[in-house]
Amino acid sequence: MRAGGANSARLTARSVIPLVVVVVFLATLPLWVDDYWVRVWTGVAMWAGLAASWNIIGGYAGYISFGHVAFFGIGAYATAILMQPGLDWNFFLTLPVGAVVAGVFAFIVGWPTLRLRGAYFAIATWALAEALAQLVNTVDFTGGSFGLSTPGNAETGFFYYAMLIASALIYLIIFAVFERSRFGYKVKAVRDNEAAAQSLGINTTSVKLQAFVMSAALPAVLGGINAYWITFINPQSVLAGDITDQMVVMALVGGLGHLWGPAIGATVLYLSSTWLNAHFGSSTGYIAMIGALLALIVLFLPDGLVGLMPRARNMRLVRQMLRLPDRRADPGPDPDTSRERS
Amino acid sequence: MSALAVSDLKRSFGGIKAVAGVSFDVGVKEIVGIIGPNGSGKSTLFNLLSGTIPPSSGTIRLLDKDVTHQPAYRIARQGLGRTFQIPTPFINMTVRENLLAAAVEGEWRSARSRAEEVLAALEISHIADDLASTLSGGQQRLLEFGRVQMRDPQIILLDEVTAGVNPRLRQIILGRVRDLQERGKTFLVIEHDMELVRTICERIIVMDAGEIVFEGTFEEVARNERVVDAYLGRPET
Ligand SMILES: Nc1ncnc2c1ncn2[C@@H]1O[C@H](COP(=O)(O)OP(=O)(O)OP(=O)(O)O)[C@@H](O)[C@H]1O
Ligand SMILES: [Mg+2]
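If you're wondering where the values come from, they're calculated on a predicted model, not measured in any experiment.

## Details of the overall build of chain B
Of the regular secondary structure elements, chain B holds nine helices and 10 strands. Structurally, chain B occupies a C-alpha span of about 50 × 35 × 35 Å along its principal axes. Residue burial in chain B is summarised as follows: out of 237 residues, 61% are buried. When contacts within chain B are restricted to residue pairs at least 6 apart in sequence, long-range pairs at least 24 apart make up 67% of them. When the accessible surface of chain B is split by element, carbon and sulfur atoms take 48% of a total near 9,200 Å².

This is the structure in structure tokens:
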């Protein structure tokens with residue numbers, strides 16, 4: 001199957017038009033919908049950015065992080081702490097601080113575990129998130145289990161645009177780095193075959209570590225904006241394990257390792273959870289829906305919803321991740337034949 | 001200067017002595033063949049030379065520098081390129097992207113044009129946009145060979161790169177190897193195809209049970225009784 005065409009100029013035009021429509025829709029949204037919908041779409045933007053950041057390590061690098069909420073939480077607490085009366089930091093200046101702290105934590109966790117198999121990394125990231133939640137619960141400057149409040153800002157529009165711009169920037173960075181640069185090739189080569197990547201001169205541990213640090217720093221920015229937005233944070237709201245689950249599920253449903261997968265997954269899932277909540281007032285339906293969707297995806301649509309688009313790249317990431325036998329024929333070695341198989 | 005100098009190299013897996021004390025030299029611009037029955041330790045030797053797995057003991061010198069125990073990526077950066085017996089395509093990338101990914105640690109600006117050259121030379125331009133996972137075994141071996149060329153290494157290890165490749169493409173690979181040799185490259189080639197070994201290898205190392213049992217020209221190898229016993233006498237598998 002083809003995964004890119006000769007007729008690329010036409011293709012670009014065809015993919016740019018929907019993009020322009022989406023951008024215009026998002027940029028003008030607060031001008032023609034009410035506050036409720038602005039808040040809903042602020043949530044969509046945030047989750048798209050979070051899932052996209054998770055996709056860096058989970059989809060592009062192929063290491064499953066089960067503790068990504070830690071980085072979101074670090075960003076939230078960095079902003080909340082620095083904006084407390086007495087410190088009174090400017091909101092925008094708190095965002096890079098959260099990103100750097102999250103990056104440092106990622107480095108510390110990734111350094112020993114990213115040279116091992118994925119299971120160690122998954123457990124280590126999960127443990128980081130758990131440990132961090134415990135720590136935040138017990139120490140003083142985080143407000144313990146009571147939490148912290150951030151100075152109020154009643155403007156929904158401000159948070160909508162802040163979240164939208166942050167998520168759009170995250171997307172731009174991911175596009176530039178993973179779809180266009182030399183570094184992107186390195187990361188994907190390491191994911192697809194580590195021994196081969198090394199034999200080509202790629203320092204695989206370092207590449208994975210860089211990808212993980214990036215994947216951790218970006219959600220911290222969204223965590224910071226979120227903390228300011230919801231005006232009150234505690235471990236239950238910004239360090240809960242189901243935040244990680246959402247990132248993973250959104251990336252999987254949208255399309256693991258695909259650029260637009262996380263955005264599509266976040267839009268579909270966040271909107272449906274909002275709708276289910278509004279109509280049935282509980283999250284049970286949502287959880288059942290997620291379960292069914294995941295099963296369908298693993299079985300029939302391993303590239304997620306992106307796989308429904310024409311010319312979508314047919315990857316094997318979900319199957320590799322779950323170590324499922326591949327249903328497509330594996331060429332493998334055929335040393336006994338002198339003729340080429342086809 | 002020798003391209004490669006190996007001294008008393010050993011590696012065992014549990015009780016199996018896969019490489020049991022191997023020493024040899026390869027000169028610059030030489031094409032050396034390595035033959036031996038299945039399980040004689042040829043691929044393990046390549047894995048040791050490229051740093052893919054660490055040796056139990058012994059030393060490896062690459063272009064007069066000790067590279068023993070260095071990680072594979074460092075050895076690669078010092079000028080060693082290799083293919084794997086079981087092809088290792090980047091399966092979620094296209095053929096062209098596989099070639100580009102092979103150039104990330106080298107000259108990047110010319111990578112695209114060099115990729116087109118390699119595609120043309122190996123006659124795989126028509127599948128350049130296909131995902132590597134959809135290729136046949138023979139095509140994957142060609143891609144493996146193409147990737148090595150994208151890095152311009154001084155010493156190239158080829159592990160059964162022509163197995164499963166049709167006769168015409170095999171000629172293309174041979175032509176490429178000769179071209180590269182003329183440009184100063186050194187080759188170490190594991191092959192089961194004796195005709196191929198005879199045509200390109202100036203010297204042949206015969207391995208059996210992890211040891212070098214003979215070294216010489218093809219004619220000398222063919223005349224040697226120990227070799228015939230160990231290898232040529234057995235029916236081809
Ligand atoms: N990773 C490993 N773990 C355990 N045993 C191994 C490993 N790699 C190789 N061996 C064993 O080492 C011995 C040498 O294997 P090797 O693959 O080097 O042989 P070979 O000469 O390349 O054979 P072939 O011609 O079949 O490719 C075999 O007995 C093999 O089973
Ligand atoms: Mg072998």
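Picking up where we left off.
## Considering the environment of B:Ala103
Inspection of the secondary structure assignment puts B:Ala103 in the loop between helix H3 (95–101) and helix H4 (111–121). Judged by relative accessible area, which is 1%, B:Ala103 ranks as buried. B:Ala103 sits 49 residues away from B:Asp152 along the chain, and the two C-alpha atoms are 9.0 Å apart. When near neighbours in sequence (up to four residues on either side) are disregarded, B:Ala103 contacts A:Arg182, B:Trp108, B:Ala111, B:Arg114 and B:Met150.

## Some details on the side chain of B:Arg11
Residue and element names in this part refer to chain B. Inspection of the secondary structure assignment puts Arg11 in strand E1 (residues 2–13). Buried charge without a salt bridge: Arg11, with Asp8 as the nearest opposite-charge side chain at an N-O distance of 14 Å. A polar contact is formed between the side chain of Arg11 and the backbone oxygen of Pro54, at a distance of 2.8 Å. Apart from the residues lying within four places of it in its own chain, the contact partners of Arg11 are Ile16, Lys17, Ala18, Val19, Thr44, Leu48, Ile53, Pro54, Pro55 and Ser56.

## Digging into the pattern of salt bridges
Enumeration over the complete set of coordinates arrives at 14 salt bridges over all chains. One salt bridge connects A:Lys208 with A:Glu194, and the closest N-O pair in it is separated by 3.0 Å. Here A:Lys208, found in helix H9 (residues 204–230), pairs with A:Glu194, found in helix H8 (residues 194–199); they are 14 residues apart in sequence, far enough to count as distant. Here B:Arg168 makes a salt bridge to B:Glu123, at a shortest N to O gap of 2.8 Å.

## Things to note about the nonpolar core
With 151 residues, the main nonpolar core has A:Phe178 and A:Ile225 as its most contacted residues. Sort the elements by how many residues they give to this core and H9(A) lands first, with 15 residues. If near-sequence neighbours (up to four positions away) are discounted, A:Ile225 is found in contact with A:Phe91, A:Leu95, A:Phe159, A:Ala162, A:Met163 and A:Ala166. Listed in part, the 26 residues of the second largest apolar core include B:Val19, B:Val32, B:Leu188 and B:Met207.

## Description of the coordination of the magnesium ion (ligand 2)
All names here are of chain B. Every protein donor of the magnesium ion (ligand 2) is listed here as Ser43 (OG) and Gln85 (OE1), and their distances to the metal cover 1.9 to 2.1 Å. Taken together, the positions of Ser43 in helix H1 (residues 42–49) and Gln85 in the loop between strand E6 (80–82) and H3 put the pair 42 residues apart, joining distant regions of the chain. Using a relative accessible area of 22% as the deciding quantity, one classes Ser43 as partly exposed.

## Remarks on the interface of chain A and chain B
Contacts between chain A and chain B engage 39 residues on the former and 49 residues on the latter. The contact between chain A and chain B buries some 3,700 Å² in all, and 55% of this surface belongs to carbon and sulfur atoms. In this structure, the connection of chain A to chain B is made through two salt bridges. The salt bridge involving A:Lys186 is made with B:Glu105; its shortest N-O contact spans 3.3 Å. For the side of chain A that touches chain B, the elements supplying multiple residues, two or more each, are helix H7 (182–192), H8 and helix H14 (317–322) of chain A.

## So, the sheet that holds strand E8 (residues 186–190) of chain B
In any sheet, the strands associate via hydrogen bonds between backbone groups, in a parallel or an antiparallel arrangement. All names here are of chain B. A sheet is described by the order of its strands in space; here six strands give the open sequence E6-E7-E8-E3-E9-E10, paired in mixed fashion. Either end of the sheet is taken by a strand with one partner, and the two such strands are E6 and strand E10 (211–216). Each strand axis lies, on average, 20 degrees off the axis of its neighbour in the sheet, ignoring direction. Pairing analysis gives five bridges linking strand E7 (residues 155–159) to E8, with the strands arranged parallel. Bridged to Ile156 within E8 is Phe187. Across the face of the sheet, helix H6 (residues 167–182) comes into contact with strand E3 (31–35), E7 and E8 while running at roughly 150 degrees to E8.

## With respect to empty space enclosed by the protein
All names here are of chain B. Scanning the model with the defined rule gives two cavities of 30 Å³ or more in all. If you add up the space inside the largest cavity, you get close to 40 Å³. Along its surface, the largest cavity is lined by Leu158, Val161, Thr162, Ile173, Leu174, Val177, Val189, Glu191, Leu196 and Ile200. Looking at the lining of the largest cavity, the elements that each hand over two or more residues are H6 and helix H7 (194–200). Considering each element in turn, the lining of the largest cavity owes the most residues, three residues, to H6. Class assignment for the residues of the lining of the largest cavity results in eight nonpolar, one polar and one charged. The volume enclosed by the second largest cavity comes to roughly 40 Å³.

What counts, and where the lines are drawn
Residues numbered from 1 in each chain as written. Chains lettered and ligands numbered in written order. Predicted model: local features only at pLDDT ≥ 70, side-chain atom pairs only at ≥ 80, totals over all residues. Heavy atoms only, no water. Helix = DSSP H or I, 4+ residues; strand = E, 2+ residues; numbered from the N terminus. Buried < 20%, exposed > 50% of the residue type's maximum accessible area, 1.4 Å probe, protein only. Contact = heavy atoms within 4.5 Å. Areas by Shrake-Rupley, 256 points an atom, 1.4 Å probe, with all protein chains shown as cover. Lys, Arg positive; Asp, Glu negative; His and termini not counted. Salt bridge = Lys/Arg side-chain N within 4 Å of Asp/Glu carboxyl O. Polar contact = N/O pair within 3.5 Å; in protein donor to acceptor, adjacent residues only side chain to side chain. Core = buried A, V, L, I, M, F, W, Y, C linked by side-chain atoms within 4.5 Å. Donors = N, O, S within 2.8 Å, 3.2 Å for Na, K, Ca; no water. Buried area = accessible area lost by both parts, 1.4 Å probe. Pairing = 2+ DSSP bridges. Axes fitted to C-alpha atoms, helices over the stretch in contact; angles between N-to-C directions. 1 Å grid on protein atoms, 1.4 Å probe; cavity = no way out; pocket = protein on both sides within 12 Å on 5 of 7 lines; lining within 4 Å. Points joined across faces, edges and corners; volume = space filled by probe spheres on them. Nonpolar A, V, L, I, M, F, W, Y, C, P; charged D, E, K, R; others polar.

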